[in-house]
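Descriptive analysis of the structure
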Amino acid sequence: MTARMLCVTGVQPISPLVTRFRLEHPDGQALPLFSGGAHVVVEMPDDGTLRRNAYSLISDPMDGSGYEIAVRREDAGRGGSRFMHHCVRPGDRLRVTMPTNLFALDLTARRHVLIGGGIGITPFLAQLRQLQRLQRPFELHYAARSRDEAAGLRLLPALPQIHVHISSEGNRIDPGAILSGQPLGTHVYTCGPVGLIEAVANAGARLGWPKAALHSEAFLAPTPGKPFQVTLAGSGRTIAVGAHQSLLEALEANGIAVDWSCRGGACGRCETRVAACHGRIEHHDHWLSGDQKAAQATIMPCVSRFQGSALVLDLQEAQ
Amino acid sequence: MTIRFNDETFRDDYTFRNSPAAIRRFPFPFDQDSYMYSVNIEPHRRIRAGSVFEHRFDVDEHYVAEMRDRAITLTEDPLRCQSLPHMDLAGWDFVELVMVSKAEDYPDLFELHRDGDRWHWINRPLGIDQRFTFLDPTTLPCGPMEYITRQTQGDHALLDQREGNLWMDAGMVTSQADWSLDFDIGMNFYEWHAPVPKAHEMGVFQRALKFLLNLQQGAPVRRLNWTMTVNPRLDTSPENYHKWGPEKRTINAENVGAKQHLRVELQTLWRLPRSNAIVFPIRCYLMSLEDIVTVPKWGRRLHRVLRDLPDELAEYKGFAVNRPLIVDYLAKHDDGAVTSAGIFPDD
């Protein structure tokens, strides 16, 4: 994964839980442009542990002067967002990968409907700038529980195509109402909590939308869980995975190279063969099919975990 | 660096020739004495000064003549260049990639000056001096993809990425090894590869697609592919099969060395920034058997590869009818000596 060292040039709290960071090239060089919905992976040297978290780019995709991300502090998470909030200051340097897009706009669409819940608004901040530049018809719906928590209100531009739904004010988002009556050729994109994604998918199915017109991205970070152990088939070495560590992070901490890209269970890059499994793999990814998950012959170490007596991975150690 | 551009033709009287320097830098595709399909993708890194791998978009002595041949083909058949409406942004991405690369890699041949969206492009070999506004198609004489691919050797396919697949939704295809953009346009990765024998059972396309969906910006990749062509003809299209198909029957023991060409494609794949599309340039290099055997390693190796190739591959690549003549010719240049690893000449 190609990465470069960038300089933090802005740290701006947007809401009690969300902070915006701006990253620029240390020499002022232009950064590669990207497409709306792209993310970067930020490396965080957190007290001896190297964490890597993926964040959607929220700045203008056609502006290479800097990248902006919005980070929500997850106090129950593994620590990456806490590091960003507590340790990162203007002038610091962070290693950041090239932008990758797993949630791109379908440019064959005649109309785009963007639905963001909570911090799931982030990929749409870049997408709506792309849509404006391309002069494509769109509407954006932003759902939040309360006005205090709604960081999106300070990140979204004032545009007539943008609709805000605050549930504490009795204005709960209604996916059925948004999807019904849309013209043929419309595509809908949902990012946010699993419940919102499912509600939009259900409304789409009920209204007869083609599957290919329904897009979603769950902002999937590796969840903490119980500690477990894996064994490497090549060397027989045993690796311990901590409660607040992903399997991928534990492998990396032990010097075992696994190819990766999104670190969120979506891209398929880190798929690893399982040589033996005595127990149950907790598959948290969106990559493997239901049958593949049931077979327990492959695992996505970026997000998935294990419970049982033995999990042997078909991985070799570098010589 | 100066290049003397050949005045030559790729049809009718076929005056195409490779200079001794062009022979030495030919991308011979076989790194061992046998051949089977593989994904064989490697990073498109700069290697070996003077080789076709030195620059992002290789420009050689055939550049001007190839662009002239492309213009003839397009006049006769405008459908060789097509771009579905949603691919305009990818076309602009490709304009930027080629202009920036060529201006940096060949500063004496190409210049690009940018002031925001106001761009000034100078292409000396083709005598073009163009000022235009980036992303404004009304400021170019034709669409962005057509504009830049009329100035870039090789065929080019623009692949849209959606639904976990790649879709051939735009392209400029005038120097192809018997496939048709007009037939393939709008197809996905599995559909346009459907005619290829053997590779499906081997799972080659599934692995290749998975790899390509994850292709990273700034990390282009390349592979070599090959076939055989009678006469140095760029336009071996299905549309014009009636013109070049019968030429396969003109080969005999006397002329096989001069008329039979090895056709090598340097295929590269690039992720484009604004559109998230992939551009797939397919650059064609042609060399006659009698030029190939001037490099002893290549003569020996090509003989062994073609002699031992499975029948269905010779059939698919369209030279089964002439294989005995070709193998007999090459056998005279194979003394049985051991060949060195890799594709480059020994000295």
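In what follows, the structure referred to is the one given above.
The paragraphs below set out a description of the structure included in this document. (Residues numbered from 1 in each chain as written. Chains lettered and ligands numbered in written order. Predicted model: local features only at pLDDT ≥ 70, side-chain atom pairs only at ≥ 80, totals over all residues. Heavy atoms only, no water.)

Counting secondary structure elements, chain B contains 13 helices and ten strands. Taken over C-alpha atoms, the radius of gyration comes to 20 Å for chain B, in line with the 20 Å a tight globule of 347 residues would show. Referenced to the eigenvectors of the C-alpha coordinate spread, the extents of chain B come out at roughly 60 × 45 × 40 Å. A total of 347 residues make up chain B; the buried ones form 61% of that total. A separation of at least 24 residues holds for 71% of the contacts in chain B among residues at least 6 apart in sequence. Here chain B holds 41 positive side-chain charges and 52 negative ones, and the gap between their average locations is 3 Å. (Helix = DSSP H or I, 4+ residues; strand = E, 2+ residues; numbered from the N terminus. Rg over C-alpha atoms; globule rule 2.2 N^0.38 Å. Buried < 20%, exposed > 50% of the residue type's maximum accessible area, 1.4 Å probe, protein only. Contact = heavy atoms within 4.5 Å. Lys, Arg positive; Asp, Glu negative; His and termini not counted. Charge placed at Lys NZ, Arg CZ, Asp CG, Glu CD.)

Residues and elements named next belong to chain A. Looking at the element boundaries, Ser246 is found in the loop between strand E13 (238–241) and helix H6 (247–253). A residue is classified by how much of its surface remains accessible, and Ser246, at 4% relative accessible area, is buried. In this view, Ser246 contacts Arg78, Pro222, Val241, Pro301, Cys302 and Arg305; residues no more than four positions away in its chain are not counted.

Another point: the interface of chain A and chain B. It is common to give the size of an interface as the accessible area that goes away when the parts come together. If you look at the interface, chain A gives 25 residues, while chain B gives 17 residues. Summed over both sides, the interface of chain A with chain B buries roughly 1800 Å², with 52% coming from carbon and sulfur. Linking chain A with chain B are two salt bridges. Residues Arg133 of chain A and Asp117 of chain B are paired through a salt bridge, measuring 3.1 Å at the closest nitrogen-oxygen approach. Across the contact surface, chain A and chain B share eight residue pairs in polar contact (both at pLDDT 80 or more). Classifying every residue of the side of chain A that touches chain B gives 13 nonpolar, eight polar and four charged. (Buried area = accessible area lost by both parts, 1.4 Å probe. Salt bridge = Lys/Arg side-chain N within 4 Å of Asp/Glu carboxyl O. Polar contact = N/O pair within 3.5 Å; in protein donor to acceptor, adjacent residues only side chain to side chain. Nonpolar A, V, L, I, M, F, W, Y, C, P; charged D, E, K, R; others polar.)

When you line up the elements, Thr108 of chain A lands in the loop between strand E6 (93–97) and strand E7 (111–117). Look at Thr108 of chain A and you get partly exposed, because its relative accessible area is 32%. Note: C-alpha distance between Thr108 of chain A and Thr272 of chain A (164 residues apart in sequence) is 34 Å. With residues up to four places along the chain from it excluded, the contact list for Thr108 of chain A reads His187 of chain A together with His86, Asp160 and Arg162 of chain B. Among the polar contacts made by the side chain of Thr108 of chain A, one reaches the side chain of Asp106 of chain A at a distance of 2.5 Å.

Our focus in this paragraph is the pairing of strand E10 (residues 278–288) of chain B. Residues and elements named next belong to chain B. Among the eleven residues of E10, eleven are classified as buried, and the element is accordingly described as predominantly covered. Side chains Ile278, Phe280, Ile282, Cys284, Leu286 and Ser288 of E10 all project onto a buried face; the interleaved residues Val279, Pro281, Arg283, Tyr285 and Met287 project onto the opposite face, where all are buried too. Alignment of strand E9 (residues 260–271) against E10, held across nine bridges, turns out to be antiparallel. Within E10, the position partnered with Arg271 by the bridge is Ile278. (Pairing = 2+ DSSP bridges.)

Attention now moves to the sheet that holds strand E14 (residues 272–282) of chain A. Strand order in the open sheet formed by five strands is E13-E12-E16-E14-E15 (chain A), with mixed pairing between adjacent strands. In this open sheet, the two strands that pair with only one neighbour each are E13 and strand E15 (298–299) of chain A.

All names here are of chain B. Under the definition given, this model contains 44 salt bridges over all chains. A salt bridge links Asp58 to Arg25; its shortest N-O distance comes to 2.8 Å. With a gap of 33 residues between them, Asp58 in the loop between strand E1 (42–43) and helix H2 (63–76) and Arg25 in the loop between helix H1 (20–24) and E1 connect regions that are remote in the sequence. Relative accessible area serves as the criterion here: at 7%, Asp58 is assigned to the buried category.

It is worth spelling out helix H2 (residues 122–134) of chain A at this point. Residues and elements named next belong to chain A. For H2, spanning 13 residues, the distance from its first C-alpha to its last is 19 Å, which sits close to the expected 18 Å at 1.5 Å a residue. Among the residues making up H2, those that are buried are Thr122, Pro123, Phe124, Leu125, Ala126, Gln127, Leu128, Gln130 and Leu131. Looking one or two residues beyond H2, the residue adopting positive phi is Gln135, at roughly 55°. (Expected span 1.5 Å × (residues − 1).)

What follows concerns the packing of aromatic side chains. Applying the stated rule across the entire model yields 26 aromatic pairs over all chains. Here Lys317 of chain B stacks its cationic end above the ring of Trp226 of chain B, 4.5 Å away from the centre of that ring. (Phe/Tyr/Trp six-rings, centres within 6.5 Å; stacked < 30°, edge-to-face > 60°. Lys NZ or Arg CZ within 6 Å of the ring centre and 35° of its normal.)

Another aspect to go through is the nonpolar core. Residue and element names in this part refer to chain B. Membership of the largest hydrophobic core comes to 59 residues, with the highest contact counts inside it found for Leu166, Trp226, Leu262, Leu289, Leu302 and Leu306. When near neighbours in sequence (up to four residues on either side) are disregarded, Leu262 contacts Phe26, Phe28, Pro29, Trp226, Thr227, Met228, Tyr285, Leu286, Met287, Ile292 and Leu302. In terms of nonpolar packing, the next biggest core, distinct from the first, is built from 38 residues, Tyr63, Met87, Met99 and Leu272 among them. (Core = buried A, V, L, I, M, F, W, Y, C linked by side-chain atoms within 4.5 Å.)

Our next topic: helix H13 (residues 323–331) of chain B. Residue and element names in this part refer to chain B. Those residues of H13 not exposed but buried are Arg323, Ile326, Val327, Tyr329 and Leu330. Across the axial projection of H13, the buried residues extend over an arc of 160°, all falling on one side. Exposed and facing more than 90 degrees away from the buried side of H13 are Pro324 and Asp328. At its buried positions, H13 is contacted by strand E8 (221–230), helix H9 (256–259), E9, helix H10 (289–292), helix H11 (296–308) and helix H12 (311–316). (Arc of directions from axis to C-beta.)

Okay, the sheet that holds strand E4 (residues 118–123) of chain B next. Residues and elements named next belong to chain B. One open sheet accounts for three strands, arranged E3-E4-E5; its pairing is antiparallel. Looking at which strands have only one partner, the edges of the open sheet turn out to be strand E3 (110–115) and strand E5 (128–133). Between one strand axis and the next, the sheet turns through 10° on average, direction left out of account. Both E4 and E5 contribute to a ladder of six bridges, which runs antiparallel. (Axes fitted to C-alpha atoms, helices over the stretch in contact; angles between N-to-C directions.)

Shape is all these values report; function is a separate question.
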